[in-house]
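Working through the structure, step by step
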Amino acid sequence: MDRPIDWFVDIAQVPLTRSGHSIASVSQTPWLDSLLVTAYIGAFSALTFTASSVADRFRPTQHEAEERRSFFRRKLDIVGGPAIFAFRIAQSLSTSALCGICCAQLVAFLNAQDETSAHGVNWPLVFQIASVALYAYLVLLTFLGAFGTTSTGFRAYTHGSWVLACAWGVYAYRDLWPLATVDLSPADSAEGTLMWVKIALLSIAGIFVPAFSPRKFEPRNPKDDLVASPEQVASAWSLLTYGFMSPIVWTAYRMPHLPFDLLPQLSDFDHLRNLIPNSFPVLDPMRSKSRLPLALKLIRVFAVELTHLAAMSITAVVFAFAAPISINNLLIYLETGSKGNFAVEPWFWIVLLFFGRVFKVISDEWFVYKTTRVNVRMQAIVTELVFEHALRIRMKAETSDNATADDSNAPTAVATPDNASQADVDASSTDDADTETGTHSAESSTATAVSPSPQRQDKDKGKGKEEPAKKEEPKKEKGKNLVGRINNLVSSDLSSLDFSSMHLVFSAGGTFSLDFNLLDLTYIGCSAWVGFAAMILTLPIPGYITKYLSTTQREKMQRTDGRVQLVSEMMNVIRMIKLFGWESRILSQIKEKRDEELVVIRRNKLLGVLNNLYNYFVPILIMLVTFFTYSVIMKESLTAAKVFSAMSVFDMLRMDIAATFYIIPALIQTHVAIGRIADFLYNTELIDEFTEAANPETALVPAPIPDSHKDSVGIRHASFTWANDSAQQASVTPGGTRRRAFALHVDDEVFFRRGKVNLVVGPTGSGKTSLLMALLGEMHYLPQGPDSFVSLPRAGGVAYAAQESWVQSDTIRNNIIFGAPFDEARYNKVISQCALKRDLSLFDAGDQTEVGEKGITLSGGQKARITLARAVYSNADILLLDDILAALDVHTSRWIVEKCLKGDILRGRTIVLVTHNVAMVSPIADFVVDMGADGRIVSQGSLSTALAHDTKLLKELKQDEEEMKKASQELDAEEDEDEDQEAKKDAGKLVVEEETELGHVGWDALKLFIMNMSSTPVLFWAVYIGLYIVRHALNNFQTWYLGYWAAQYEVMPAEDVDVSYYLGMYSVTVLIGMIMSAFCIIYYVFGTIRAGRIIHEKLVVSVMGTTLRWLDKTPTSRIIARCTEDIQAVDNRVAMTTEFVVQIGVFMILKMVSVVIFSPIFLGPSLAVAFLGYNIGSIFMKAQLSVKREMSKVKAPVLGHFGAAITGITSIRAYGKQEDFKMESQRRIDRFSRASITQFNLNRWVSMRVDFVGTLYSTALTTYLAYIAHISASNAGFSLNMAAAFSGVILQFVRVVNEWQVSSNSLERIQQYLNVEQEPKPTPEGVPPAYWPASGSLHVEKLCARYSETGPRVLHEVSFEVKSGERVGIVGRTGSGKSSLTLALLRCILTEGHVRYDGLETHNVNLDALRSSITIIPQVPELLSGTLRQNLDPFSEHDDAVLNDALRSAGLFSLQDEGDHSRITLDSEIAGGGANLSVGQRQILALARAIVRRSKLLILDEATSAIDYETDTVIQGSLRTELGKDVTLLTVAHRLQTIMDSDKIMVLDAGNIVEFGSPAELLKNEQGMLRSLVDESGDREKLYAMAMGAAKA
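Residues numbered from 1 in each chain as written. Predicted model: local features only at pLDDT ≥ 70, side-chain atom pairs only at ≥ 80, totals over all residues. Heavy atoms only, no water.

1. Overview of the overall build of the protein
Per the secondary structure count, the protein includes 53 helices and 25 strands. A buried classification covers 61% of the 1593 residues belonging to the protein. Within the protein, contacts between residues at least 6 apart in sequence are counted, and of these 83% link residues at least 24 apart. Counting every atom, the protein has about 61,200 Å² of accessible surface; 59% of that belongs to carbon and sulfur. (Helix = DSSP H or I, 4+ residues; strand = E, 2+ residues; numbered from the N terminus. Buried < 20%, exposed > 50% of the residue type's maximum accessible area, 1.4 Å probe, protein only. Contact = heavy atoms within 4.5 Å. Areas by Shrake-Rupley, 256 points an atom, 1.4 Å probe, with all protein chains shown as cover.)

2. Some points on the packing of aromatic side chains
The description of an aromatic ring pair uses the distance of the two centres, along with the angle that the planes make with each other. A complete count under the given rule lists 39 aromatic pairs for this structure. Consider the rings of phenylalanine 354 and phenylalanine 355, whose centres lie 5.1 Å apart with planes at 85°: the pair is edge-to-face. For phenylalanine 355, a relative accessible area of 41% translates into the label partly exposed. Both rings, one in tryptophan 1021 and one in tyrosine 1024, keep their centres 5.8 Å apart while their planes meet at 80°; by these two values the pair is edge-to-face. Of this pair, tryptophan 1021 and tyrosine 1024 both sit in helix α35 (residues 1017-1051), separated by 3 residues, roughly a single helical turn. Here tryptophan 1021 matches tyrosine 1024 in class, with each residue buried. Within the aromatic cluster, the residues linked to one another by ring pairs are Phe1020, Trp1021, Tyr1024, Tyr1028, Phe1079, Tyr1083 and Tyr1084. Lying across the ring of phenylalanine 818, arginine 870 places its NZ or CZ 5.0 Å from the centre. The aromatic ring of tyrosine 253 is capped on one face by lysine 1182, whose charged end is 5.9 Å from the ring centroid. (Phe/Tyr/Trp six-rings, centres within 6.5 Å; stacked < 30°, edge-to-face > 60°. Lys NZ or Arg CZ within 6 Å of the ring centre and 35° of its normal.)

3. Considering the side chain of threonine 1255
Relative to the assigned elements, threonine 1255 resides in helix α41 (residues 1218-1267). Relative accessible area serves as the criterion here: at 2%, threonine 1255 is assigned to the buried category. With sequence-adjacent residues up to four places away left out, threonine 1255 is seen in contact with Phe354, Arg357 and Val358.

4. Brief notes about the confidence of the model for the protein
Regions with low pLDDT carry predicted coordinates that are not meant to be interpreted in detail. Residues at a pLDDT of 70 or more form 78% of the protein, whose mean pLDDT is 76. In this model residues 397-480 is a low-confidence stretch, pLDDT under 50, and it forms 294 contacts with partners more than four residues away in sequence or in other chains. (pLDDT = per-residue confidence, 0-100.)

5. Considering the sheet that holds strand β23 (residues 1528-1532)
Ordered by their spatial adjacency, 6 strands build an open sheet running β19-β22-β23-β16-β24-β25, and the pairing between neighbours is mixed. The outermost strands of the open sheet, each flanked by one partner alone, are β19 (1414-1417) and β25 (1552-1557). On average, adjacent strands in this sheet sit at an angle of 15° to one another, irrespective of strand direction. Sheet analysis places strand β24 (residues 1544-1549) next to β25, joined by 5 bridges and oriented antiparallel. (Pairing = 2+ DSSP bridges. Axes fitted to C-alpha atoms, helices over the stretch in contact; angles between N-to-C directions.)

6. Quick look at a nonpolar patch on the surface
Nonpolar side chains collect at one region of the surface, where Leu179, Trp196, Trp347, Val351, Phe355, Phe359, Tyr1267 and Ile1268 lie side by side and expose about 750 Å² of accessible area between them. Counting residues per element, the nonpolar patch draws most heavily on helix α15 (residues 346-390), at 4 residues. Its place among the elements puts tyrosine 1267 in helix α41. Given a relative accessible area of 40%, tyrosine 1267 falls into the partly exposed group. (Patch = residues over 30% accessible without salt bridge, like charges linked within 9 Å, V, L, I, M, F, W, Y side chains within 5 Å. Salt bridge = Lys/Arg side-chain N within 4 Å of Asp/Glu carboxyl O.)

7. Here we look at the pairing of strand β8 (residues 789-793)
As a general feature of sheets, a regular strand has side chains that alternate between the two faces. With respect to burial, β8 is a largely interior element, 5 of its 5 residues being buried. Burial along β8 is two-sided: Phe789, Ser791 and Pro793 facing one way and Val790 and Leu792 facing the other are all buried. In terms of strand pairing, strand β4 (residues 713-721) meets β8 through 3 bridges, oriented antiparallel. The residue of β8 that forms the bridge with arginine 716 is phenylalanine 789.

8. A word on the sheet that holds strand β15 (residues 1353-1362)
Read across the sheet, 4 strands follow the order β15-β14-β17-β18 without closing on themselves; strand pairing throughout is antiparallel. Two strands close off the open sheet at either side, each with one partner strand: β15 and β18 (1400-1401). Bridge count between strand β14 (residues 1338-1346) and β15: 6 bridges; the pairing is antiparallel. Following the sheet pairing, leucine 1343 is matched in β15 by valine 1358.

9. Topic: the pairing of strand β16 (residues 1367-1372)
The element β16 is extensively covered by neighbouring structure, given that 6 of its 6 residues are classed as buried. Judged by which residues are buried, β16 turns out to be covered on both faces: Arg1367, Gly1369 and Val1371 on one side and Val1368, Ile1370 and Gly1372 on the other are all buried. As judged from the 4 bridges shared by β16 and β23, these two strands associate in the parallel manner. Directly across from valine 1368, in β23, lies its bridge partner leucine 1530. Bridge count between β16 and β24: 5 bridges; the pairing is parallel. Paired with valine 1368 across the strands is lysine 1544, a residue of β24.

10. A look at the packing of helix α19 (residues 540-572) against helix α38 (residues 1116-1158)
Contact geometry for α19 and α38: axes closest at 9 Å, N-to-C directions at 155°. As far as their axial angle goes, α38 and α19 are roughly antiparallel. Pair α19 / α38 crosses with right-handed handedness. Between α19 and α38, the residues in contact are Lys556, Arg563, Val564, Val567, Ser568, Met571 and Asn572 and Thr1116, Ile1119, Ile1120, Cys1123, Thr1124, Ile1127 and Asn1132, respectively. Looking at the contact of α19 with α38 residue by residue, the class counts come to 7 nonpolar, 5 polar and 2 charged. (Parallel < 35°, antiparallel > 145°, perpendicular 65-115°, else oblique. Left-handed = near helix turned anticlockwise from the far one by under 90°. Nonpolar A, V, L, I, M, F, W, Y, C, P; charged D, E, K, R; others polar.)

11. Things to note about helix α43 (residues 1305-1314)
With 10 of its 10 residues buried, α43 lies for the most part within the structure. Of all the positions in α43, only Asn1305, Ser1306, Leu1307, Glu1308, Arg1309, Ile1310, Gln1311, Gln1312, Tyr1313 and Leu1314 are classed as buried.

12. Focus: the side chain of lysine 297
Locating lysine 297 in the fold gives a position in helix α12 (residues 294-301). Exposure remark for lysine 297: the relative accessible area of 1% places this residue in the buried category. Only 3.1 Å separates the side chain of lysine 297 from the backbone oxygen of serine 290, close enough to count as a polar contact. If sequence neighbours within four positions are ignored, lysine 297 has contacts with Val282, Leu283, Ser288, Ser290, Leu292 and Tyr682. (Polar contact = N/O pair within 3.5 Å; in protein donor to acceptor, adjacent residues only side chain to side chain.)

13. Considerations on the pattern of salt bridges
Under the criterion given, the structure shown has 52 salt bridges. Across the pair glutamate 583 and lysine 578 runs a salt bridge whose closest N-O atoms are separated by 3.5 Å. Assessed through its relative accessible area of 13%, glutamate 583 is described here as buried. Its relative accessible area of 0% is what places lysine 578 among the buried residues. Measuring nitrogen to oxygen at the nearest pair gives 2.3 Å for the salt bridge that ties arginine 754 to aspartate 877. Here arginine 754 is found in the loop between β5 (743-752) and β6 (757-761), whereas its partner aspartate 877 is found in the loop between α28 (860-873) and β10 (878-882), with 123 residues between them in sequence. Judged by relative accessible area, which is 24%, arginine 754 ranks as partly exposed. With a relative accessible area of 26%, aspartate 877 lands in the partly exposed category. Salt bridges sharing common partners tie together Glu231, Asp270, Glu305, Arg373 and Arg377.

14. Description of the packing of helix α10 (residues 246-253) against helix α39 (residues 1163-1207)
Where α10 contacts α39, the two axes come as close as 8 Å, and the packing angle between them is 85°. Comparing their axes, α39 and α10 come out roughly perpendicular. Here Val249, Trp250, Ala252 and Tyr253 of α10 lie close against α39, whose contacting residues are Ile1179, Lys1182 and Ala1183.

15. Looking at unusual backbone geometry
Most peptide bonds are trans, and most residues other than glycine sit at a negative phi. Look at the link from tryptophan 1332 to proline 1333: it is a cis peptide, with omega at -5°. Non-glycine residue histidine 717 carries a positive phi angle of around 45°. Of note, histidine 717 is situated in strand β4. A positive phi angle is found at aspartate 1398, which is not glycine, with a value near 55°. Mapping aspartate 1398 onto the fold places it in the loop between β17 (1390-1397) and β18. When its relative accessible area of 16% is taken as the criterion, aspartate 1398 is described as buried.

16. Remarks on the nonpolar core
Counting residues in each nonpolar core, the largest one holds 254 residues, and the members touching the most others are Leu881, Phe1009 and Leu1338. The dominant element in this core, judged by the number of residues it contributes, is α15, at 17 residues. When near neighbours in sequence (up to four residues on either side) are disregarded, leucine 881 contacts Leu772, Ala801, Leu868, Ala871, Leu901, Ile911, Val912, Leu913 and Val914. Membership of the second largest hydrophobic core comes to 32 residues, among which are Ala718, Leu880, Val914 and Met931. (Core = buried A, V, L, I, M, F, W, Y, C linked by side-chain atoms within 4.5 Å.)

Put into structure tokens, the structure is as follows:
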């Protein structure tokens, strides 16, 4: 290895001499002559080209339609446009010129041969003929490339370009390489100017044209109407230098903000629909039965890309060693004045240094380019995989699964929280494009025959079960909020897979690089291997560090999950939290979770400090051991050439080791994340359609659906549970604690009548909804006999209207048509029959009004009717309607029954209707199924049959009939409003577009992090930066000191050099540097922990303290994104990039100062390079920040689509709309991929340019030191070392500053939410007396209210007085201000006037104190996940006796028997949002919670709308008797009977009180509204009696 490139010198050359017209060739092996190499290549090309062309003749061709276009126009289209055609013409002309020159030379040679005779083979003639034949062939290829057909032209151009490039390489070797040598001359120098003409023409035809010619856009699927991406048509040069990104960079630079629509188009091969066919057959557990770990499956999917990455990694390593080789030979030249062993000029080493660096940069950037493309594709594929798998999961109640006695996983009603968090949906419809998914859909067969599963099944759900990752997460992970869990998978966990391909290749390629490093160090003898042995001895250290890092990383993710879950759930019920005044207590819970998380983050970062110290120490240890062995043991002299070339290698070794140990925690994090994703894919319970039986041999296989029942809707001999282990759970009662495990039993059979209206009736919690879910296949099917089956024909379609209305964050029209073709006549008829005309008239935008997240612009009744309208509008033959009348008043219910259920649109369609309103619907019912409290069918048949078997139903029917008689008593023909009328009129575009800042991240956002690092931030940063300056100055001193040590061998004999002294001094400086490095990092870690704690606290305090109106306009997903992804960025990326900015900035400045000390003339170039790098970075950063902000905006809709789809999964599966939602998911993911790829490509653009500037700088300095400066070799080596570090770090600094700005976008997003509108904060003056409130007296004087400062008033000088203990009923039409009044009393909206509660002005009382003293029960109650006890008493303030009394008063115990094993107790688990309870049960629990609070003022806002009449009677009785005499009750109601015995009745109209007084007084007013309603009622005497009775009481 003394001459590692001798092989390059020894390749045979054939020097040619020219004398007149004769050319003489001197060669001993003419067949290996370099001139014939190109001829051989040309011959091989001709063979393969001919073979391919012949093969094309036998392939079927697609004949395109003839178009009347000119020949020239057709040729332009074939090659790809005029630019490509011009390049190919240029190539053809250049090749023709070369051919002409060769022909002329051949003619001249033949003429010369006439004068002289030759003996034997005339090799020069052979060479000339071969050249002519070669260029003639190339002329043919280049002509075909310009004028051939599509396939022939492309093939000819490719062959011609490669052969021409090889010919150029041959001439470069023959005629250019000898110029760099001392003793060689160009082989073709005799040709004179003609030689340079040939080289110029070959450069044009073989290098310039292939490098700069654009490429033709060839879409992967010609049927796709896609616009070409710039990178798909960019030239090779543009691809390698990322020039195709320049237009977007300059466009962004000239604009305040670059919008998404101007981003480069996504390449068609990156569209998700083109990625799925190659990835899902391997990854999807439904398609692949392989039991390989998910990580190996991902490697298999990206095998080609990973191979490419490995090749680029090796190439970069090879080019990296051009620098140490060049530096070594240049320093030898400076030391000795000789040109080294290679006999080449010094400028050759300078050129090698330049091009080695350039090609290394190209290899590195191409490596990262491919890595980022793998990242984007992996994110897209895994996100879509998780989404599609989520469409298969069983939506059972997700409660805590701790395997304890008090678990309860079985719901008694539909477990689809259709009003749970959804995010903004920015598209009104889904794409119509086809997608190859191959999954089952609800419309895949003519009938749904639910596959049974045995009662005992293994833990694996679905196909392709995977064993790994089973124990990765604790059991409680399975019970977390499902939407939050999935969001965490596709955000936090998926981000852990970023650059996993790079880490994987680095972990393998690091060995190759290490071997090269050690190989290159062999010129200092075996001492290098001693250093290598020292490194081996230290390897156990990172093993221990890695072990603890893995543990802490897993614990950190669990703690983060806990905080994210809590924050997500709190954000979903934040309205309830604010109405109850719980903000401070919830904030303390979140703070506790955050503190637990930060403890683990701090531990994780401190372990990272150890890892960094090891990375810092090992290369220095190797260098110390190596130099010690070389100088002390081997007694060799350390020259400057050896020291600095060795240091260059040691620097690369240090970077390799640092990279290796940097990727260790990253790979650990990736492993954990993949395990969690795999756990979701393989261990989540699926609906039976996708679940295989664990023991198919022993499973009870039901009979196929008999032919006689192929068209039937019903069930025979089957039981159903909400989880496949519920049947076992029901009988387990350890510790005496009852477990709820509801089961639906069809002991015989039940078949609904086709084309008729079928009713399902029964008490609250009896399983009416479960019966519908069993038909839809949502429940776990347990066949009870060989003839068991479930039949729901899907050939004609199925529609489903959930009890909890599910609407998307879209327009009203799109929610109704739900992807079906728009039929205006049918649509208008549906609007009329579903009583939506009047509602639409309230909105300025009509049916184009956005309903907002969770349908916040709609009332409960409006959402119910829109859900019904969706089912009615569909063409489905079967409609499953779940209690659609519960949220409607009697008038509206009657309209729905008369106009809709009896209407022409539903005539002849099969309707299965769950209802409590038996009397109203019974006249149109043809079949009635009566459910019992134990989940069994009591009776089925006619209504009289059901009444004969169920006395409770008979009693309820009578009460129902009385309610029907009172229908005319209703003041409201529609349901109550959720918001004021004016709020609805503004709702055309309710959800505000997410804020986007312009330009650089502002100081306010940066200050949020920088100024919270310490209580004295200026001192903190002064100390921190000062320590880094001293540390890096020491590093520079160490490098100089090694050169100074080596210089001693030049001025004194080797034996006089005190090696121990120099080695000891060097070791001391290294030790001091390590100590300072450790202190700096630890000092910084504690600062980041403090900043992270403060920022998170400020964020949640700001969100908790904002107004309800802001919360209505802001999708929950945006808030959650700030509390999860952005806080995670603060903990990791912001902290890391801020540290890097300081560290690299100090490093770069000190390196530049060191260069200038020894080469003052380079002060100007150094500043110029820094200035140029800064400007390039500024231009780039303008585009990067815009793209990053757009990325943040397009990421939220992806998560929002997840939330919307998961919460409405039952409806989606019922309608068979899975494919539509998959396509919409793919469209949103493609938008995110488009922004991501642009961001990554922008990084490549700036990297190439800044690296090139740095390379020019180091090359210029090298030239100056070699030819102009006269300094010692040691100082020259030091300068080169500093210059190389400076030029290499310019890009890193620009990139890290950009990354700092980009990551600080998270600070910017958090800062936006710190400045949102706030409610008044608590003050010491606002704390009420301890006794307050002692009574429920309420005095309101001239109360006005509005929803915004600029909005109109919704209450107009309302004045009234309510004495303590009075019961007041509030009635009024939609928009009259009933809900606005309740919100105004709680100061949830802007108010004017005076409200005195128990004598105190509420305006002067702190909001938390006011709202804690008033309890409101909304129409749609919100519950938290946890036990019932935690829901009733979330802060553990009461004992069980009080809680049970509240449940009894609320009417819960009247619904269940003591011996019922599924009864609800205080230990029963409640799923998030109360998903495992019926709506009626939730309202009962909300009422019980209100009773527990013992407020003096209780407000009921239609709080019993979903409760059957018997239970409602119990509740009303409890309210009259159980509440204290001093408790004031305000009841917003529709039914006069509910409020007729109130002490007072308030009638509102348009925000004004039109009547207020006792019922008896109001009835005396013959012109009064209440009097007229009572007189017109069918039960006038009873209402009068109730009013008089209340007056006497």
